[in-house]
Amino acid sequence: MSSPARPTHLPVRIGVLTSGGDAPGMNAAVRAVVRAGLRLGAQMFLIHEGYQGLVDGGDGITPADWDSVGSILHRGGTIIGTYRSKDFRTRPGQLKAATNLLRHGIDRLVVIGGDGSLTGANAFREAWPDLLAEVREAGEVDPELIDRHPDLIIAGLVGSIDNDLVGTDQTIGADSALHRIVDALDDISSTAASHQRSFVVEVMGRHCGYLALMSAIAGTCDFSLIPEQPPPDGWEERMCAELRRGRAAGRRESMVIVAEGATDRAGNPITAEYVKDQIAERLGEDTRVTILGHVQRGGSPSAYDRWMSTWLGYVAVKTVFEAAPGTPSVVIGNRGNTIIEIPLMEAVAATRQVPALIDQGDYDRAVELRGSSFAHMHRIFRAMSEPPRVRADADAKRIAIVHAGGLAPGMNTAAHAAVRLGIEEGFQMVGAVGGFPGLADGNVRPLDWGDVEGWAGLGGAELGTRRRVPEIEHLYAIGRVLENERIDGLLVIGGWNAYLAANLLWRERDRYPAFRIPMVCVPASIDNNLPGSELSIGSDTALNEISDALDRIKQSASASRRCFVVETMGRHCGYLTLMGGLAGGAERVYLHEDGVTLADLGRDVELLNHGFAHGRRLFLAIRNEEANPLYTTDFMARVFEEEGGDLFDVRQAILGHLQQGGNPSPSDRLLATQLVDFGIDTLKAQLEAGGDAACSVGTLAGQLVATPMERMFDDADTVFRRPRRQWWLELRAVLQAVAEEPR
Ligand code: ADP
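Residues numbered from 1 in each chain as written. Predicted model: local features only at pLDDT ≥ 70, side-chain atom pairs only at ≥ 80, totals over all residues. Heavy atoms only, no water.

Caption draft 1: Fine view of the pattern of salt bridges. Taken as a whole and assessed by the stated rule, the structure comprises 40 salt bridges. Residue Glu228 pairs with Arg370 through a salt bridge whose shortest N-O separation is 2.5 Å. A residue pair is termed long-range when its members are at least 10 positions apart, and Glu228 in the loop between β7 (223-225) and α8 (235-248) and Arg370 in the loop between α12 (363-369) and α13 (372-385) qualify at 142 residues. For Glu228, a relative accessible area of 0% translates into the label buried. A relative accessible area of 15% places Arg370 in the buried class. Here Glu285 ties to Arg247 by a salt bridge, and the two come within 2.8 Å at their closest N and O atoms. (Salt bridge = Lys/Arg side-chain N within 4 Å of Asp/Glu carboxyl O. Helix = DSSP H or I, 4+ residues; strand = E, 2+ residues; numbered from the N terminus. Buried < 20%, exposed > 50% of the residue type's maximum accessible area, 1.4 Å probe, protein only.)

Pasting the structure below:
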């Protein structure tokens, strides 16, 4: 039925709701949906307690303004409530929901929830024309109003700590849940190691083993049981044999991780208690069970769950705002650092297929549906957790690990993965102690499987790192050491200087035959400024440190009217500044990429004065350390102070080295493991083919990629040490949309 278009003078009205299980990051998404929607000129509505708010109407649907979603970014759960609404599953419930929406003139929704909630959204949309007919018949709503809203347009965001939606890489809340679990595993492992105990840890995941598998890798567990891969009969014996071998190879504790939905091949649940009994009985070990439960769901969202959810919310509201009538429902998700739009019902159908495939015993297909990275990580976990069965022979190829550049959390994780995965491939692994200067001095130590025990979760760099790039006069010494130590391949893990150093060796290979060996550079820098990879190891940890620090800074200012100017690291790369600003809820960021002019500062003074004169209590500005050499953090703070008069006071905070400290975040640990695995594979392929090619490894749109050394700096700005095209600059518009209230 064709219907009259919306009269142009009527604003678009959009509602947002959270439904199903809550997940950290939902608030960031709600905030972005509301604020970006207001900036687009839409009227925004909060729908409370999930679909029940739609059914109940009244206070269940409230108009939202800019401040309705203020100060919620750092809060766990969802401030608009969530509910499993039975009423909404029924026709009368949906009829009430449609009536209430029509009364408010809302015909566009952003639904944030799991696959159940998204299914509900789609069912509602499909029923919409029939529901309208019924509403018309009931005669309670003005027919003209009904005519104006012939379509319901829906965009879904996946809020689920399980990361169980097929088609999107990461769901809202999964990263925060991983933080909770991995923190717990780190804590448990220190007490377990003290007593040489075994621990069985149960984590959430009824149909999805994502949390169990990823935390098993990030927390270096010995054995995992996940729903997608029920173990074959006799697994109890195999598990205990692995635990025994792990101890013999140097582990002081054993940790087994069990997803709550793990079963055996007959479909019988495998409980943590059962696993514990098996270990206690077969190994005579003192074994304890920890069931993490709801702590996995709670708490403040991680930096990733804040910035990514903000981005997703921004895109979702834009999508429904701009959608043409009749547009089918979509899910807004991500593939790596690219936002994607997928047909809602396809994603839900594929997700629901996984438990069915498990029931049918088609485990490989179930793992495949989880995406290539899941299947890959499953293989990596086995390779890393199981001590080697054969020892490298005397003429095995020798790979040296070298760190270079500034310290990045996750360097240890990378070295740990390199040693374990390298040994698994039959290599002998050695580490240069103290970076390239250490290598030049012959400071090289063999690294065995057990030598890196406990490294994966440690901040810092056990092997040491040096910023210094070797000079021409050091090359002879380095070449000698490579020859004496019979090094066949180099794995260089570090930042810009690491890349420069490897590049120098590679360019000098005609003069120094010892350099004619395959080399792989692995990006590790909190700055995230390396060419050939969207992400570098350490940057996620630094972002979490920044967003924690910003939370505290904001809290400290809550009793006064204050502007904070906070300085972050990054040299000339604004990644930490912009993403920290998004995660910390900054009003303004200053990047070297944009430059800072006096006119900008003048506009900001005006913005500050206007804001504080109209009730603002806090303004957070974040400045990249090299944003402008003359307009320093101190200078800017003084300008704001002087120009602000009595309206507000100004404080500055230079975050400094806390950004480089800290234990690596789960996602840095996973990135380090994946990149190193790919690096070791690349070295292996070269060595098997007798080649000596050099490259860097990285991740682009969620895919692992290698860039040959000869092209490594092609797309890099070598003066300011950053890639020429930086994907995250796109998020400037997102920050502006959520930070600047339209006047
Ligand atoms: P999740 O969204 O986390 O997967 P649920 O499966 O419990 O959680 O779904 C949340 C809510 O979504 C349900 O309580 C119900 O209100 C609504 N819902 C789910 N499926 C449907 C459906 N087929 N029709 C209508 N509403 C549904």
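Caption draft 2: Local environment of the sheet that holds strand β8 (residues 254-259). Spatial ordering of the open sheet is given by β7-β8-β6-β9, a layout of four strands whose pairing is parallel. In this open sheet, the two edge strands, each paired with only one partner strand, are β7 and β9 (287-291). The sheet shows a mean angle of 15 degrees between the axes of neighbouring strands, taken without regard to direction. Sheet topology places strand β6 (residues 198-203) next to β8; six bridges connect them, and they run parallel. Paired with Phe199 across the bridge in β8 is Met255. Across the face of the sheet, helix α7 (residues 210-218) comes into contact with β6, β7 and β8 while running at roughly 160 degrees to β8. (Pairing = 2+ DSSP bridges. Axes fitted to C-alpha atoms, helices over the stretch in contact; angles between N-to-C directions. Contact = heavy atoms within 4.5 Å.)

Caption draft 3: Structural context of the site of the ligand. The environment of the ligand is made up of 15 residues, and the closest members are Arg84, Ser85, Gly114, Gly116 and Ser117. At 3.3 Å, a backbone N or O of Gly21 approaches an oxygen atom of the ligand. A distance of 3.4 Å separates a nitrogen atom of the ligand from a polar atom in the side chain of Arg89. Burial of the ligand by the protein chains amounts to 81% of its free accessible area of 560 Å². No other element matches the five residues that helix α4 (residues 115-138) contributes to the shell around the ligand. In terms of residue class, the shell around the ligand is built from two nonpolar, 10 polar and three charged. (Near = heavy atom within 4 Å. Polar contact = N/O pair within 3.5 Å; in protein donor to acceptor, adjacent residues only side chain to side chain. Areas by Shrake-Rupley, 256 points an atom, 1.4 Å probe, with all protein chains shown as cover. Nonpolar A, V, L, I, M, F, W, Y, C, P; charged D, E, K, R; others polar.)

Caption draft 4: A look at the packing of aromatic side chains. Applying the stated criterion to the full structure yields 13 aromatic pairs. Between Trp311 and Trp727, the aromatic rings sit 6.3 Å apart at their centres with planes inclined by 20 degrees, giving stacked as the arrangement. Of this pair, Trp311 sits in helix α10 (residues 303-322) while Trp727 sits in the loop between β24 (722-723) and α23 (732-739), and the two are 416 residues apart along the sequence. Of the two residues, Trp311 and Trp727, both sit in the buried class. Three or more aromatic residues joined by ring pairs form one cluster here, namely Tyr304, Trp307, Trp311, Tyr575, Trp727 and Trp728. Directly above the ring of Trp449 sits Arg420, whose terminal nitrogen or CZ lies 3.5 Å from the centroid. (Phe/Tyr/Trp six-rings, centres within 6.5 Å; stacked < 30°, edge-to-face > 60°. Lys NZ or Arg CZ within 6 Å of the ring centre and 35° of its normal.)

Caption draft 5: Fine view of the packing of helix α1 (residues 26-40) against α10. Across the interface, α1 lies against α10 with an axial gap of 7 Å and an inter-helix angle of 40 degrees. Relative to α10, the element α1 lies oblique. Relative to α10, α1 is oriented so that their crossing is right-handed. Taking contact as the criterion, the partners of Ala28, Ala29, Ala32, Val33, Ala36, Gly37 and Leu40 in α1 are, on α10, Asp305, Arg306, Ser309, Thr310, Gly313, Tyr314, Val317, Lys318 and Phe321. Across the contact of α1 with α10, the residue classes tally to nine nonpolar, four polar and three charged. (Parallel < 35°, antiparallel > 145°, perpendicular 65-115°, else oblique. Left-handed = near helix turned anticlockwise from the far one by under 90°.)

Caption draft 6: Broad picture of the environment of Phe124. Along the chain, the position of Phe124 falls in helix α4. A C-alpha to C-alpha distance of 57 Å links Phe124 and Thr465, two positions 341 residues apart in sequence. The contacts of Phe124, once residues within four sequence positions are left out, are Leu54, Phe88, Gln94, Ala97, Ala98, Leu101, Leu131 and Leu152.

Caption draft 7: Local environment of the domain arrangement of the chain. One can read the domain layout of the chain as domain 1 (13-171 + 301-336), domain 2 (174-296), domain 3 (398-537 + 674-712) and domain 4 (539-662 + 732-739). A C-alpha centroid distance of 32 Å is found between domain 1 and domain 4. At the junction of the two partners, domain 1 supplies 16 residues and domain 4 supplies 17 residues. Counting the surface lost from both domain 1 and domain 4, the interface buries some 1300 Å², and carbon and sulfur atoms represent 62% of this. Three residues, Ala303, Arg306 and Trp307, lead the burial of domain 1 against domain 4; their summed loss comes to 38% of the area buried on that side. Applying the counting criterion to the domain 1 and domain 4 interface returns one salt bridge. Among the salt bridges present, the one from Asp551 reaches Arg306, with a minimum N-O distance of 2.8 Å. On inspection of domain 1 and its partner domain 4, the count reaches four residue pairs in polar contact (both at pLDDT 80 or more). Per-class residue counts for the side of domain 1 that touches domain 4 are nine nonpolar, three polar and four charged. (Domains from an automatic or database assignment. Buried area = accessible area lost by both parts, 1.4 Å probe.)

Caption draft 8: A look at the environment of His195. When you line up the elements, His195 lands in helix α6 (residues 174-195). For the pair His195 and Thr699, spaced 504 residues apart in sequence, the C-alpha separation works out to 40 Å.

Caption draft 9: Region of interest: the pairing of strand β10 (residues 330-335). Judged by how many residues are buried, β10 sits mostly within the fold: five of six residues are covered. Where β10 and strand β11 (residues 338-343) come together, six bridges link them in antiparallel fashion. Considered in β11, the bridge of Arg335 is made with Thr338. Taking the residues between adjacent antiparallel strands as the criterion, β10 and β11 are bridged by two residues, where Gly336 takes a positive phi near 60 degrees.

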